[in-house]
Amino acid sequence: MDVLCFGGTKNGMAVGDAILFFDPQQADGFDYRCKQAGQLASKMRYLSAPWVRMIESGTWLENGRHANGCAREFARLVAGLPQVQCMFPVQANAAFLQLPQNVQRGLRERGWRFYTFIGGGARFMFAWDAEPARMQQLAQDIKELALAG
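Being a predicted model, the structure only gives us computed values, none of them experimental. Throughout, a residue's number is its position along its own chain's written sequence, starting from 1. Restriction of local features to residues with pLDDT of at least 70 applies here, the model being predicted, together with a cutoff of 80 or more for giving and counting side-chain atom pairs; totals for whole chains, interfaces and linings are based on all residues. Values shown for side chains rest on all heavy atoms present in the structure; no hydrogens or waters enter the calculation.

With that settled, the discussion passes to the nonpolar core. In terms of nonpolar packing, the biggest core is built from 23 residues, with Phe74, Leu99, Leu107, Phe124 and Ile142 touching the most fellow members. Elements are defined by DSSP. Helices are runs of H or I of four residues or more, strands are runs of E of two residues or more, and each kind is numbered from the N terminus. Taken together, the elements giving at least two residues each to this core come down to α3 (59–78), β4 (94–98), α4 (101–109), β6 (121–125) and α5 (132–148). When residues in this core are grouped by element, the largest group, 6 residues, is from α5. One finds Met13, Ala18, Trp51 and Met54 within the second-largest nonpolar core, a separate group that totals 5 residues. Among buried residues, those of type Ala, Val, Leu, Ile, Met, Phe, Trp, Tyr and Cys that are joined through side-chain atoms within 4.5 Å constitute a nonpolar core. Residue exposure (1.4 Å probe, protein chains only): buried if accessible area is under 20% of the type maximum, exposed if over 50%, otherwise partly exposed.

Let's shift gears to helix α2 (residues 44–57). Helix length check: α2 (14 residues) gives 21 Å between terminal C-alpha atoms against 20 Å at 1.5 Å per residue, within 8%. Phi turns positive, to about 80°, at Gly58, one or two residues after α2. Each residue after the first adds 1.5 Å to the expected span of a helix.

So, on to the side chain of Asn63. For Asn63, the location among the structural elements is in helix α3. Think of a polar contact as two N or O atoms within 3.5 Å of one another; within protein, one of them needs to be a possible hydrogen donor and the other a possible acceptor, and neighboring residues in sequence only count if both atoms come from side chains. There is a polar contact of 2.9 Å between the side chain of Asn63 and the backbone oxygen of Asn11. We call two residues in contact whenever any of their non-hydrogen atoms come within 4.5 Å of each other. Apart from the residues within four sequence positions on either side, Asn63 is in contact with Asn11, Met54 and Trp128.

Fitted lines through C-alpha atoms give the axes, limited to the stretch in contact for helices. The angle between two N-to-C directions lies from 0 to 180 degrees. Interhelical geometry of α4 versus α5 gives an angle of 135° and a closest axis separation of 9 Å. The orientation of α4 with respect to α5, classified from their angle, is oblique. Handedness of the crossing formed by α4 with α5: right-handed. On α5, the residues touching Asn102, Val103, Gly106 and Leu107 of α4 are Leu138, Asp141, Ile142, Leu145 and Ala146. Residues that form the contact of α4 with α5 fall into these classes: 6 nonpolar, 2 polar and 1 charged. In these notes the angle categories are as follows: under 35 degrees is roughly parallel, over 145 is roughly antiparallel, 65 to 115 is roughly perpendicular, and the rest is oblique. With the far helix as reference, a near helix turned anticlockwise by less than a right angle produces a left-handed crossing, and one turned clockwise produces a right-handed crossing. Residues are grouped as follows: Ala, Val, Leu, Ile, Met, Phe, Trp, Tyr, Cys and Pro are nonpolar; Asp, Glu, Lys and Arg are charged; every other residue, Gly included, is polar.

A few words on the pattern of salt bridges. Within this document, salt bridges are pairs made up of a side-chain nitrogen of Lys or Arg and a carboxyl oxygen of Asp or Glu, the two lying within 4 Å of each other. Using the criterion set out here, one finds 3 salt bridges in the structure. The closest approach of N and O atoms between Arg76 and Glu73, which form a salt bridge, is 2.7 Å. Taken together, the positions of Arg76 and Glu73, both in helix α3 and 3 residues apart, correspond to about one turn of that helix. The salt bridge partner of Arg110 is Asp141, with a shortest N-O separation of 3.0 Å.

Look at α5: 24 Å from first C-alpha to last across 17 residues, which is about the 24 Å you get at 1.5 Å a residue. Every buried residue of α5 is listed here: Met135, Leu138, Ala139, Asp141, Ile142, Leu145 and Ala146. Buried positions in α5, seen along its axis, are confined to an arc of 155° and lie on one side of it. Opposite the buried face of α5, at more than 90 degrees from it, the exposed residues are Ala133, Leu147 and Ala148. Buried-residue contacts for α5 involve α3, β4, α4 and β6. Count one or two residues on from α5 and you reach Gly149, which has phi positive near 85°. Within this analysis, the arc is defined by the directions that extend from the helix axis to the C-beta atoms.

Turning to the sheet that holds strand β3 (residues 85–86), a few remarks are in order. With antiparallel pairing, the 4 strands of this open sheet are ordered in space as β3-β4-β6-β5. Both outer strands of the open sheet, β3 and β5 (115–116), are each paired with one neighbouring strand and no more. Strands were regarded as paired on the criterion that DSSP finds at least two bridges between them. In this structure, β4 lies alongside β6, joined through 5 bridges in antiparallel fashion. When the bridges of β6 are listed, Ala95 appears paired with Phe124. The sheet strands contacting α3 are β3, β4 and β6, and the helix crosses β4 at an angle near 25°.

Structural data, given as structure tokens:
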């Protein structure tokens, strides 16, 4: 891996991303490209300060473990349901499910929002502040709809 883009908002921060170059030569000119693209805040230290605390305290790891754990538990809860198939192994904070149209429609009628792909794939994302009870309710709603046929 040469570069890591670390999203602050996905980890509970108000704004900002951190870009880490593991090969310093690849970072040559990056600051200029950011400034040219309008991505340089005039008071960058205000955006950088929360990063220091987030990393030093280990909060970023706790938040990531929580989000990733919710995605894994969600996939476990819906595994084996008729017409429901996990499209990929859960490796982060997302679960991708193959769902029939009636299940997708039923979820939306119950107020759930999710992104769908051509062919029926649905993406479910879990964040640093995901509530386990809500994740479990989502899995329960999928179960009810899948079993209803």
